[in-house]
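Fold and geometry: a report
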Amino acid sequence: MISPVHQLLREGTRERHETLDQGLALAGSEVDRSDYLNYLRALLGWLEPLEQRLWQLDWPDSLQAPARADKSAWIRADLASAGDASPVPQCTDAPRVDAADAYALGVAYVVEGSQLGGRFLAKHLADVTPALPLRYLRGYEDQVGPMWKGFLQYLDSEDGAQGQEAQALQGARDAFDSLTAWLRSQQAIRA
Ligand code: HEM
């Protein structure tokens, strides 16, 4: 069952997700190795500074922040195994998360939700461009369902974003908007 907060975030960001999903140079049928590595570098430049703040906030143990905190390490591992040591510019425009509140949960919704699409992308890339390192896109692997469910449970709880839907939605929209603008500036989204 879809919870009210979750439903609101999903509906309130549907168009933004479509823009990303359809615009990513990566999702096309002619993606090559350099498109993929460019995408990983661009994503890392947005995600790393953000996730370092996000998961250090004062979350309850039930949210499993430590298990969510270092997706950047997976991207770094992929870049290393592809032999890509080029510099990674950092986005300075990602949403500011200063407290473990509904706004930060909205931002986290985007970061956690991106794991769901990763599986599809990993499969697509394995078909069109074999032999790419896919650790980040495989993400939580067989734990993707439980990790997502656990996140939504907290999102929808009274301690989470219940009753503060507007702040949560703002966080999610800001995260999608800053990520999309950044990926575009890094040529990871088709013009
Ligand atoms: C960095 C880029 C992306 C971000 C930030 C992102 C974000 C999200 C979010 C927040 C959700 C959760 C939606 C919900 O509330 O149910 C989601 C789900 C999903 N995304 Fe993406 N997404 C990204 C890229 C993609 C791409 C490129 C694809 C296409 C291959 C994709 C396909 C999907 C699918 C199929 C789901 C639903 C999965 C399921 O219900 O099991 N996403 N994504």
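Residues numbered from 1 in each chain as written. Predicted model: local features only at pLDDT ≥ 70, side-chain atom pairs only at ≥ 80, totals over all residues. Heavy atoms only, no water.

Considering helix α9 (residues 165-185)
Between its first and last C-alpha atoms α9 spans 30 Å; for 21 residues at 1.5 Å apiece the expected length is 30 Å, and the two agree. Three or more residues of α9 are buried, namely A168, L169, G171, A172, A175, F176, S178, L179, T180, W182 and L183. The inward-facing, buried residues of α9 contact α1 (4-12), α2 (14-23), α3 (33-54) and α6 (102-128). Positive backbone phi, at 60°, marks Q187, one or two positions downstream of α9. (Helix = DSSP H or I, 4+ residues; strand = E, 2+ residues; numbered from the N terminus. Expected span 1.5 Å × (residues − 1). Buried < 20%, exposed > 50% of the residue type's maximum accessible area, 1.4 Å probe, protein only. Contact = heavy atoms within 4.5 Å.)

Regarding the coordination of the iron atom of the ligand
Within the protein, a single donor atom binds the iron atom of the ligand, namely H17 (NE2) at 2.1 Å. Within the secondary structure layout, H17 lies in helix α2. (Donors = N, O, S within 2.8 Å, 3.2 Å for Na, K, Ca; no water.)

Some words on the side chain of D84
Mapping D84 onto the fold places it in the loop between α5 (71-81) and α6. A relative accessible area of 14% means that D84 is categorised as buried. If sequence neighbours within four positions are ignored, D84 has contacts with L37, R41 and L79.

Considerations on the nonpolar core
Ranked by size, the top nonpolar core spans 63 residues in total, and within it Y36, W46, W59, F151 and L183 carry the most contacts. Those elements that place two or more of their residues in this core are α1, α3, α5, α6, α7 (135-138), α8 (144-155) and α9. If near-sequence neighbours (up to four positions away) are discounted, F151 is found in contact with L63, R68, L105, A108, Y109 and E112. (Core = buried A, V, L, I, M, F, W, Y, C linked by side-chain atoms within 4.5 Å.)

Observations regarding the packing of aromatic side chains
Aromatic ring pairs are described here by two measures, namely the spacing of the ring centres and the angle between the planes. Throughout the structure, instances matching the rule amount to five aromatic pairs. Centroid distance W59 to Y154: 6.3 Å. Interplanar angle 90°. Geometry classified as edge-to-face. One end of the pair, W59, is in the loop between α3 and α4 (65-68); the other, Y154, is in helix α8, with 95 residues separating them in the sequence. Note on Y154: relative accessible area 10%, which makes it buried. Seen in terms of ring centroids, W74 and Y140 are 5.8 Å apart; in terms of plane orientation they differ by 85°. Their pairing is edge-to-face. Separated by 66 residues along the polypeptide, W74 in helix α5 and Y140 in the loop between α7 and α8 bring together distant segments of the chain. By way of ring pairs, the aromatic residues W55, W59 and Y154 are connected into one cluster. Seen from the ring of W74, R135 lies directly overhead, with NZ or CZ sitting 4.3 Å from the centre. (Phe/Tyr/Trp six-rings, centres within 6.5 Å; stacked < 30°, edge-to-face > 60°. Lys NZ or Arg CZ within 6 Å of the ring centre and 35° of its normal.)

Thoughts on the site of the ligand
Around the ligand, 19 residues are found, and the nearest of them are H6, R10, H17, Y109 and G113. Between the ligand and the protein, one listed contact pairs an oxygen atom with a side-chain N or O atom of R10 at 3.0 Å. A distance of 2.5 Å separates an oxygen atom of the ligand from a polar side-chain atom of Y109. Elements supplying a minimum of two residues to the shell around the ligand: α1, α2, α6 and α9. Ranked by residue count, the leading element in the shell around the ligand is α6, at nine residues. (Near = heavy atom within 4 Å. Polar contact = N/O pair within 3.5 Å; in protein donor to acceptor, adjacent residues only side chain to side chain.)

Things to note about the packing of α1 against α8
Helix-helix packing: each pair is described by the crossing angle between the helix axes and the interaxial distance. α8 packs onto α1 with a crossing angle of 105° between their chain directions and a minimal axis gap of 8 Å. Considering their axes alone, α1 and α8 lie roughly perpendicular with respect to each other. When α1 is examined against α8, the residues V5, H6 and L9 are found in contact with a partner set consisting of W148, L152 and L155. (Axes fitted to C-alpha atoms, helices over the stretch in contact; angles between N-to-C directions. Parallel < 35°, antiparallel > 145°, perpendicular 65-115°, else oblique.)

Let's talk about the side chain of S178
Mapped onto the secondary structure, S178 falls in helix α9. S178 gets classed as buried once you look at its relative accessible area, which sits at 10%. Within the structure, S178 has its side chain in polar contact with the side chain of W46 (distance 2.9 Å). If we ignore the near neighbours within four places in the chain, the residues touching S178 are W46, D93, A94 and P95.

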